[in-house]
Structure formats: C-alpha cells, structure tokens
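# Structural features, examined
Below, each chain spelled out in residue letters.
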2 protein chains.
Amino acid sequence: MQLFLGIDGGGTGCRAAVADAAGVVRGRAEAGPANIASDPQGAADNILRAATAALDAAGGGQVVAAGLGLAGANAAGAADRLRGALPYRRVAVVTDAITAVKGALGTGDGIVAALGTGSVFAAQRGGTIRQIGGRGLVLGDEASGAWIGRAILSAALRATDGYAPMTPLLSALLAEAGGADGVVALSLRARPVDLAAFAPRVVQSDDPAALSVMEQARKDVIAAVSLLAGNDDLPVVFLGGLGPVFAAGMADRFRIQTAQGTALDGALMLAREAA
Amino acid sequence: MQLFLGIDGGGTGCRAAVADAAGVVRGRAEAGPANIASDPQGAADNILRAATAALDAAGGGQVVAAGLGLAGANAAGAADRLRGALPYRRVAVVTDAITAVKGALGTGDGIVAALGTGSVFAAQRGGTIRQIGGRGLVLGDEASGAWIGRAILSAALRATDGYAPMTPLLSALLAEAGGADGVVALSLRARPVDLAAFAPRVVQSDDPAALSVMEQARKDVIAAVSLLAGNDDLPVVFLGGLGPVFAAGMADRFRIQTAQGTALDGALMLAREAA
C-alpha cells in the first residue's frame, strides 16, 4: 500500500500519522521530543521511531512522501541535515507553525493565532503563508504564556519598588517566591515553560495587575492579527492553550473559526503536496 | 597601624583599598571576579587575595573593620556565608549598589542612577538608602545597556514582520546577524553583556528606531528618578558607562551632580561605619 507520512514534532514530543491515497489515516504513533535545532540526532531518532511505529500500526506499506512540521526547522541547516537522515524519497520539512496553519485552515484563506508557551501568527492567502512573531521570549512571543508569566512577575517587582500599587495577586506571588529577591532568583533560572506556568493564574484572575497584563496581551494579539489581515476580512483561528482565552473576547472584532484539523493533519497535507 | 578595608566586587573583578584612621588610602590592589551569589568560594578567594595584596602595599597593619560592596550580596544567605569566610572582626557586606551610592553621595542626600550593563536607582536621605530596580534583564533593568541592545534587536524583528518601517540601523543589524533567524539565534545565547554590546551604536545613532528606543529608555530613567525624588529637589548623580548619555539630556529636569567618589570609597565609608 502506498502511504503518506505526516510528522508533527516539537520540544515535548512528536506525533506521526500515515494516510492512504484517499486520505484515510491508517496508523498513528508517538515518540519523544523532536526539536531539530537543539537536538538534531535525538530528533531524527524520535521521528524515525514514531514513523516506524505508525507504519507498523497501519500494517506496513510504502512511504511515497513525508511531510514534517518541526520546531527548530527555521534554524540554518537544520532541515537539510534532517532530510539526509530520513530514508524517504520525497521529504518536505517546515516549521510546526506552517503545519499548524495548514491543519487549521486547510487550503482556505485565513489567519492563525497560536498562543501557547510561545506565540506565532500567520496568514494563508492562495496557499501562500506569511508568518510573523514566533521569535522566542527574549525578543518577542508577545501575549504568549511565557510572556504573560514574565509580565506578572515584572509587575510584582515594580509594585515592590513603588511604581504601581501592590495587589493581592502580586503580593501572593512575591510571598510564594520568598520576596523580590526570590522572584529575581526564579527569573534567572526560568525557562519559557516555567514562566508560562504562571499564566493560568493571570488569565483567570480579576486582580488589577492581572487585568493590566491581559489588556496589553490582547492589544498585542489584535495588532498581530490586524497586521496580517490588512484590509481583508479573513477568518481567524485561535490555537494553543491560550487560544480560547483570547478568542473569547474578540468575537466582535474578528470572524473567529474553529480549526479544521491539527498540525498533524497539516503535515499529511504537506506530504501529499510533496508527492 | 590600624586600617580600614574596603572592597568593591562584581562579576568582572574586585578592587581593594586600605585606609588609615585619617581616611588616607595606604594601599590598593585588584583581583578576579567576586559575585558571592554565583560563585561564593571563588569570590571569597578573590576578595582575600585583593585584601592581602592591598595590606601588603600599605606595608602591613591591622584591619579594624571591613566594608564590602558586592554583586550578589542580596541573594539569600550569601552575605552571611562570606562573613564566615573572612578573618576580620567587624565585617559589613552590602550590594555594590549601596557602596556606589555611598561613594557618589558621601553622607549627603541625593539620588544615584547607575546605568551600565544593568540598571539600578537609589535615593539616600539622612543616611538611609532606598534602592529600586537592579532586578536583572529578564524582569527589569530598564534603560540599561542590555535593555537597549535587546530593544533594538526586538525592533529589528518587528520591522521584519512589518509592524514598523525598516530603518538603516535595523537593516544593518539584521544583515550582520544573518537575517531574522540569526538575530533569534543570537538572542538565545546572549548574556546581558552581549546585548549591551549593541548599546553604543544605538546611543550614538540618529536612526529613527534608535531614537525611539532611547526615548523609551529616557522615559524609564525619568520615571525611576522621579519616583525616588517624590516632592524633594534632590541632586542626581549618573553613574555607569551610560550615565553621561542620560545625564546630558536631563540637566533641565534634574539637578545633576558629579560623583564625590567611587564605590570603593563607599566601601571604605562602610568599613568606618562598621568599626
């Protein structure tokens, strides 16, 4: 049987699916992390492990083409290196943002706002995808979980210094961290995912400091989506753990759609295009 | 001879001076880094090495009291640990920000704005020092060299994405880094000092993006100094590599003074107070 292989891989794991020529998924499997920039060899191993298991689940077959959406695929040389390590004739490698867009919108025009630990925004028009953001927390990732967590901790320090009133949430965060020095120590060792762990409390809170952080985050999301939309009334799909949070307040502003499919569906579309 | 020992220590080195009862400096010496939070043992070794050499340079004597202004002294337990490692009866350990204030203002009331790789602001009133900022780049350090460098790189990415016009400086920075992906890669491995290396180009530039970053930095400096001053007309001393840059544009707003002495002078004052 001729099969198309799709891979959706990121820093926490990778997912594989194989579909037949009719588009019916015949097998699925998962394996460990697949960030091809930070760990090329480990990523290649995990991708092959997931692919092999998905093929086994399908009862075997011949991979006509593979489509891979992977974290780190925009790092110089990473995609080429991976292609060399895979035993498939036709291999398309793109960032996981691209496969998320393809999965969410199919072939239709629209905008995707993906807000999880990081943030990235993309518009698809006539099959062409324009991506903005997704640069990481040091220089960007506005409105992401990590950005929200960092903003609330920074607000706690600024309230300590007297720039703004101390609020119950800020006071609680300071107490948990052991005061301002504890917050600073935490910030020095925190990865984006550690900062994002504070986001749920901010998102759900009616504390003035939390509302202020979320107001700025919403402004940043609106700016990104508006920049991509230009004068077009494109449908907007919100993805990621924080997607529903932002979608909820923007129904009057944007035409919000639910995703047609997942990033893994997008990877299967990519495989079909590569064939 | 009875001597007072002053130590000014930070991440790049530590300086020691011993002064006699009349305040005359009798010996000076330097040694390696002395951040007592990140490397307690190495810091203690370097501090003792510098102190011993300064005493030797003074022709020997008895240390009555030691005053130390050290990076990392605000980390929990760090100062106590160091005190136990030093052979002096009376030892006062504070952050290098405190000794910088004492050195710059003597015993007088005033404000210190220290703007180097990081930033910290402090007011001294009646011998009591109130410090704000100095929290590190992740959550603060507004208007510092690292903050300015990060802001201009972030602006380069935002111009790439179309949020703002591309300017000659941003275009040059992107080209040097190998494009937006190069800037992202740089940001992931950059220490604050690496980001601060971009600041001189921003400070000296009349590029629109640079002017915009510096306008925000100046606003942050004014906010910090104004918060500390309250309704008092206190003199302001600007310290650090970027101190003169900010001082230059603020003579109409603040009563600007030059520093009376260095952080090492402040450490000697601290030693005298500890005696």
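Refer to the preceding data block for the structure.
Described below are features of the structure shown in this document. (Residues numbered from 1 in each chain as written. Chains lettered and ligands numbered in written order. Predicted model: local features only at pLDDT ≥ 70, side-chain atom pairs only at ≥ 80, totals over all residues. Heavy atoms only, no water.)

Moving on, we come to the side chain of A:Thr95. All names here are of chain A. Structurally, Thr95 is set in the loop between β5 (90–94) and α3 (96–105). Classification of Thr95 by relative accessible area gives buried; the value is 14%. Non-local contacts of Thr95, meaning those with residues more than four positions away in its chain, are made with Gly69, Leu70, Ala73, Asn74 and Gln131. (Helix = DSSP H or I, 4+ residues; strand = E, 2+ residues; numbered from the N terminus. Buried < 20%, exposed > 50% of the residue type's maximum accessible area, 1.4 Å probe, protein only. Contact = heavy atoms within 4.5 Å.)

To continue, consider the relation of the copies chain A and chain B. Structural alignment of chain A on chain B gives an RMSD of 0.1 Å, achieved by rotating through 180 degrees and translating 0.1 Å along the axis. Interpreted geometrically, this transformation is the action of a two-fold axis. Minimal C-alpha separation from the rotation axis in chain A is found for A:Val138, amounting to 4.0 Å. (Least-squares fit on C-alpha atoms with pLDDT ≥ 70 in both.)

Here A:Ala143, not a glycine, exhibits a phi torsion of approximately 70 degrees, which is positive. As for its placement among the helices and strands, A:Ala143 is situated in the loop between β8 (128–133) and α4 (145–161).

Bringing the interface of chain A and chain B into the picture now. Listed as interface residues are 26 residues of chain A and, on the opposing side, 26 residues of chain B. Summed over both partners, the interface of chain A with chain B comes to about 2,400 Å²; 54% of that surface belongs to carbon and sulfur atoms. By the criterion of area lost to chain B, the three top residues of chain A are A:Arg135, A:Leu139 and A:Asp161, representing 33% of everything that side buries. Counting the contacts that link chain A with chain B gives 4 salt bridges. Residues B:Arg158 and A:Glu142 are paired through a salt bridge, measuring 3.2 Å at the closest nitrogen-oxygen approach. (Buried area = accessible area lost by both parts, 1.4 Å probe. Salt bridge = Lys/Arg side-chain N within 4 Å of Asp/Glu carboxyl O.)

Residue and element names in this part refer to chain B. Within the secondary structure, Thr167 is located in the loop between α4 (145–161) and α5 (168–177). Looking at Thr167, its side chain comes within polar contact range of the main-chain nitrogen of Leu170, at 3.3 Å. In contact with Thr167, other than residues within four places in its own chain, are Asp207, Pro208 and Ala209. (Polar contact = N/O pair within 3.5 Å; in protein donor to acceptor, adjacent residues only side chain to side chain.)

Here the focus is the environment of A:Gly27. Among the structural elements, A:Gly27 can be located in strand β3 (residues 25–31). Excluding its chain neighbours within four sequence positions, the residues that come into contact with A:Gly27 are A:Ala16, A:Ala17, A:Val18, A:Ala54, A:Ala57 and A:Ala58.

Our focus in this paragraph is the nonpolar core. Within the largest apolar cluster, 51 residues are counted, with the highest numbers of intra-cluster contacts made by A:Leu115, A:Phe121, A:Ile148, A:Ile152, A:Val221, A:Phe238 and A:Phe246. Not counting residues within four places of it along the chain, the set of residues in contact with A:Phe246 comprises A:Leu115, A:Ala143, A:Ile148, A:Met214, A:Ala217, A:Arg218, A:Val221 and A:Phe238. Counting residues in each nonpolar core, the second largest holds 50 residues, with B:Leu137, B:Ala156, B:Leu169 and B:Ala217 among its members. (Core = buried A, V, L, I, M, F, W, Y, C linked by side-chain atoms within 4.5 Å.)

All names here are of chain B. With 7 of 8 residues buried, strand β1 (residues 2–9) is to be regarded as a mostly interior element. Note: β1 against strand β4 (residues 62–70), 8 bridges, orientation parallel. Within the sheet, the bridge partner assigned to Leu5 lies in β4 and is Ala66. In the sheet, β1 pairs with strand β2 (residues 14–19) via 6 bridges, with the strands oriented antiparallel. Note on β2: the bridge partner recorded for Leu5 is Val18. Joining the antiparallel neighbours β1 and β2 is a turn of 4 residues. (Pairing = 2+ DSSP bridges.)

What follows concerns the packing of aromatic side chains. In total, this model carries 0 aromatic pairs over all chains according to the counting rule given. Positioned over the ring face of B:Tyr163 is B:Arg158, at 4.0 Å from the centre of the ring. (Phe/Tyr/Trp six-rings, centres within 6.5 Å; stacked < 30°, edge-to-face > 60°. Lys NZ or Arg CZ within 6 Å of the ring centre and 35° of its normal.)

Residues and elements named next belong to chain B. Strand order in this open sheet of 5 strands is β8-β7-β6-β9-β10, and the pairing throughout is mixed. The open sheet has two edge strands with one neighbour each: β8 (128–133) and β10 (255–257). Recorded for the sheet is a direction-independent mean angle of 25 degrees between the axes of neighbouring strands. Of the strands in this sheet, β6 (110–115), β7 (119–125), β8 and β9 (235–239) are in contact with helix α9 (residues 208–229), which crosses β7 at around 20 degrees. (Axes fitted to C-alpha atoms, helices over the stretch in contact; angles between N-to-C directions.)

Here we take up the pattern of salt bridges. Residues and elements named next belong to chain A. Taken as a whole, this structure holds 22 salt bridges over all chains when the rule is applied. Here Asp80 and Arg83 are joined by a salt bridge, their closest N and O atoms 2.7 Å apart. Taken as a pair, Asp80 and Arg83 lie in helix α2 (residues 78–85) at a separation of 3 residues, close to a single helical turn. Arg191 is the salt-bridge partner of Asp194, the closest N and O atoms lying 3.1 Å from each other. By relative accessible area, which is 28% here, Asp194 ends up partly exposed. Look at Arg191 and you get exposed, because its relative accessible area is 51%.

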